[in-house]
Structures are given as C-alpha cells and as structure tokens.
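These are the residues of each chain, in order.
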Amino acid sequence: ACLGGGGGSSSDGAALPCVVVVGAGFGGLTAAQELGRLADEGKAHVVLVDAGDRFMIGGDLQYVLTGRKTMDELWVPLKDAKLSNKVDVRLKTEVVEVDHEGKELSLKAADGKTSKLKYDYMVLAAGIKSDGTKVPGVADNMLDICNWQHTEKITEAINNCQGGETIVFATSRAPYKCPPAPFEYVFLIDEMLTNKGIRDSCRIVLTTPKKPFPFGNDRTKEVFVSTMEKKNIEFIPGFQVAGVRGDDKAVDLESFGPGDKETRELKYDVLVGTWPQLPVAPFRPLCNDKGYVAADVRTMETKFEGVFAVGDVSWMMLPSTPPKPHPKAGGFAIPCAENACAMIEALIGGDSLEEARKKVPEGRKAVCYAESGFETGIVVGPKLLPDSDGPPGFLCEHPTEEAYHNKSKWIADIKERFFGAAAVSNT
C-alpha cells in the first residue's frame, strides 16, 4: 500500500499494492497509461511523480534550430496527459531520496513540503541530466543539443557565422540521448550555412567516442557516412573530449577505449555537442559502474526488489556477439515500459517471477527518422531482440523526402498517444 500517500483498498478491504512511476517522459507516461487499467479495475494504487509539469519531444528541437517551430510550440502541459482519473498524479514533485531496502521514496513538493511514499513496485523512468562539469571546459564553452535552453543559442551561433568558420560537433561521452541526433545536427547546420551562402568556406567536423560508428550495423554506417561525405562533413570516430580551452578556442580529444591514449586538438569557432550525462542524484546509489541502473533487457527488472528501470536512466545489454548497449531514446522506452508493466500486472495478479517473465512479449522493434537536411530524412529501424519472425536486424535507408515527412508524423502520433488530438492541433 502507498503508506503516506493515501493508497486505497480492494473490495474485500485488503490494502492495494502501490505502484509508483517516477518520471513523465516517454517511458513514464507509457507506464502510467498501462498501469491505469489496474487502477481502474481496483487492483492497484498507481502514483505518477514528476519534478516538472510539462512535456516535450527532443526530436522537436531540430525544428526550433532551423526556425520551423518556436520553443513555445513544443511544450505540452502534463496535466493534459491521457491518464485514468484513478492515477494519482503529483507534478512539480521531486524524489529526494530512495530507500530501496525499505521500498520508500522521500518526496519534496513545489511548496517545500516533504512526504514519504511507500511502494510495492516502482517503474523508474526519471531520465538523466547533462553535466558539463565532468569534463574541463565543457560547461563554459560547449552548447549542448540535449539542453533545450541551448537550442536557440545554437541557432544564433550559426546565424552569426560570416564565412570561414569551423563548426565542431563533439560528442563528449557515450552513451548520450538519441544516437542519430549528432548527425542530424551537423546535417541541419550544413543546410543553414548553405542557405546563408557561406557553406563552401566553412568547415564542419563531427567527433564521436565509438568507432567505427556509434550505433547500428555496417549498413547504418554506410548510409550516414556517405551522407556526410556528400556534404563535405568531416567525421572523426574513436575520440572523446578530454577538455575544452575556451581562451584558445580548442577542443582537446583523446582516443576512446583501453590502451595508450592518442590525443588530437581541434580548433573551433562554434562548439556544439553533447555534455556528459548521468541520472539525477537520488538514483545514483542504484547505479552500476557505468553510472546507470542495470536492467534486464527484456523484463526491465533490476537487482532491487520491485524496481524496474526504463529509458535513459537504465543500462541494458543486447544479447549480441559482442554484447552491445541497448538504445534508450524515447521510441525505445515505450516498449520497455510496456514490458515492465506486463511484469507488474502479472505479479500483482499472483504470478511468480518465472510465470510473470513468460508473459512479457518477445522481440523489440522501434523506428525513428533522422533529418538529413533539405527536407530529407534517414529511416532508422532496429529490431533489437529476436521474435517468432526471426533474429534481430537493422533497417536503414539513404535519405528520402518520405522519411522527412514521416518524422513529423511520428512526433504527432506520440503527442496524440499521450495527450490526445488537441495536443497535435495546438502545435
């Protein structure tokens, strides 16, 4: 029962199990919608906790970057989410401490009031935070594509280019939100400079820690690298950021991985990239040595009783040879949250862990559309886990106009799923 949280009781008077969902992004809203059925049926008390009160899709930021949307158009109030009225929604409420042994959360509301919330099950979908202080010079000198407050600053920096500048996109650490995003940004920066008539005199460089390519398979690498070559975008894989010297306008790179470190220096006029990322402070005691909460790739179980982790906060490894990290962007958080909820529903229904695991759907597919500039896009469609149709695979196609338009449709579908048709018409 949600002790301290007003949990209800079943028709026979027994205390209802309490399921707490932390975070109202892709994974959290999916879980709150799925678990709402249990609340409606009187089988559980469901609480959704989020530190904010509004929702946005990161893929919308590229539209702001190039002036196709305004920032105000991106936000949707969380109070408008399509949830059962039996779900206890607590917005502007922070989790300040997690007692996983006692299964209790310490909460702090916007008015400063604190409370305790006992849980039987928790879906941890709290996302991550960018922290530029982890690498010297990053916070003061690099604009972070994962920070919405930097998007218009990136636009301004590119619009201020007069010709002859070097624009460096440095992926400081892996993992980072949305694997294709750095490529989208350099493709769109290429378009912006071309439209200004100065592209031929400007240099665009993209660095990434993993080599030969940060995600997908050989086909993915071929599609993205050939697209960069056509646009004369330099690609430097295998290097992470060691530091940024703002006075010298220089990025210091070091080779990623074991062995002796190779170093390189890149001079820049505009520095864009991804900052190092990590879970918000209260959840760091649950993290593994990678800095994330380890979860089973299929069931989303963690080693902490009753806790399931989905989305950016989680760490999952695919059963591949060699093992590769499971992507965690929004489109992948949805099926992960659905699987976690299938587990919780089965357990609340009286199943053992082994029985519940058998009820989790096989396979995992998702699709996203990476903008490649000039109203074209690249479809990225990984099949991450095997199912009855066969083994994993990876769909990736060269840029098309169809994929560009499918991205806006995908964004509209997500908003309608979580907030209804009104959220789409308003944006």
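Residues numbered from 1 in each chain as written. Predicted model: local features only at pLDDT ≥ 70, side-chain atom pairs only at ≥ 80, totals over all residues. Heavy atoms only, no water.

**So, the overall build of the protein**
When you go through the protein residue by residue, the secondary structure sums to ten helices and 28 strands. Computed over C-alpha atoms, the radius of gyration of the protein comes to 22 Å, within 12% of the 22 Å expected from 2.2 N^0.38 for 427 residues, which places it in the range of a compact globule. Counting only C-alpha atoms, the protein reaches 75 × 50 × 45 Å along its principal axes. Excluding contacts between residues fewer than 6 apart, the proportion of contacts in the protein whose partners are at least 24 apart in sequence is 65%. Carbon together with sulfur atoms contributes 48% to the accessible area of the protein, which is approximately 18,600 Å² in total. Positive and negative side-chain charges of the protein, numbering 50 and 60 respectively, have mean locations separated by a distance of 1 Å. (Helix = DSSP H or I, 4+ residues; strand = E, 2+ residues; numbered from the N terminus. Rg over C-alpha atoms; globule rule 2.2 N^0.38 Å. Contact = heavy atoms within 4.5 Å. Areas by Shrake-Rupley, 256 points an atom, 1.4 Å probe, with all protein chains shown as cover. Lys, Arg positive; Asp, Glu negative; His and termini not counted. Charge placed at Lys NZ, Arg CZ, Asp CG, Glu CD.)

**Some details on the pairing of strand β13 (residues 203-208)**
Burial analysis of β13 places five of its six residues in the buried class, which makes it a mostly covered element. Looking at chain direction, strand β12 (residues 166-171) and β13 are connected through five bridges and run parallel. Residue pairing for β13: Ile 167 is matched across the bridge by Ile 204. With helix α5 (residues 181-195) bridging β12 and its parallel neighbour β13, the resulting β-α-β unit is right-handed. The parallel pair β13 and strand β14 (residues 233-237) is bridged by helix α6 (residues 218-230), and the resulting crossover is right-handed. (Buried < 20%, exposed > 50% of the residue type's maximum accessible area, 1.4 Å probe, protein only. Pairing = 2+ DSSP bridges. Right-handed = clockwise from strand over helix to strand, strands pointing away.)

**A short note on α6**
Owing to its 3.6 residues per turn, the α-helix brings residues three or four apart onto one side. Across its 13 residues, α6 extends 18 Å between first and last C-alpha, which sits within 8% of the 18 Å expected from 1.5 Å per residue. Residues Thr 220, Val 223, Phe 224, Val 225, Ser 226, Thr 227 and Met 228 constitute the buried set of α6. Packing partners of the buried residues in α6 comprise α5, β13, β14, β26 (368-371), β27 (377-385) and β28 (393-396). N-capping of α6 is provided by Asn 217, with a side-chain oxygen placed 3.2 Å from the backbone N of Arg 219. At the exit of α6 stands Asn 232, carrying a positive phi of roughly 60°. (Expected span 1.5 Å × (residues − 1). Polar contact = N/O pair within 3.5 Å; in protein donor to acceptor, adjacent residues only side chain to side chain.)

**Some words on the sheet that holds strand β9 (residues 121-124)**
Reading across the sheet, the five strands line up as β5-β2-β1-β9-β21 and stay open at both edges, with parallel pairing between neighbours. Unpaired on one side and paired on the other, β5 (88-90) and β21 (307-309) mark the two borders of the sheet. Direction aside, the axes of adjacent strands within the sheet are offset by 15° on average. Here strand β1 (residues 18-22) pairs with β9 via four bridges, running parallel. (Axes fitted to C-alpha atoms, helices over the stretch in contact; angles between N-to-C directions.)

**Some thoughts on the nonpolar core**
Core analysis: the biggest nonpolar cluster contains 74 residues, and Val 20, Leu 29, Leu 35, Leu 105 and Phe 419 have the highest contact counts within it. A per-element tally of this core places helix α7 (residues 330-348) first, with eleven residues. Here Leu 29 is in contact with Gly 23, Ala 24, Leu 48, Phe 55, Leu 78, Ala 81, Leu 83, Phe 418 and Phe 419, once residues within four sequence places are set aside. Judged by nonpolar contacts, the second largest core, of 41 residues, contains Ile 158, Phe 169, Val 225 and Ala 370. (Core = buried A, V, L, I, M, F, W, Y, C linked by side-chain atoms within 4.5 Å.)

**Quick word on the packing of aromatic side chains**
One pass over the full model with this rule turns up 15 aromatic pairs. Ring plane angle 85° and centroid distance 5.1 Å describe the contact between Trp 75 and Trp 148, whose orientation is recorded as edge-to-face. Of this pair, Trp 75 sits in the loop between α2 (61-65) and β4 (76-77) while Trp 148 sits in helix α4 (residues 148-159), and the two are 73 residues apart along the sequence. Classification of Trp 75 as buried rests on a relative accessible area of 17%. Of the aromatic side chains, those joined through ring pairs into one cluster are Phe 26, Phe 55, Trp 410, Phe 418 and Phe 419. (Phe/Tyr/Trp six-rings, centres within 6.5 Å; stacked < 30°, edge-to-face > 60°.)

**Some remarks on the environment of Asp 247**
Of note, Asp 247 is situated in the loop between β15 (239-245) and β16 (250-255). Of the residues examined, Asp 247 reaches a relative accessible area of 82% and is grouped as exposed. Residues Asp 247 and Asn 141, spaced 106 residues apart in sequence, show a C-alpha to C-alpha distance of 9.5 Å.

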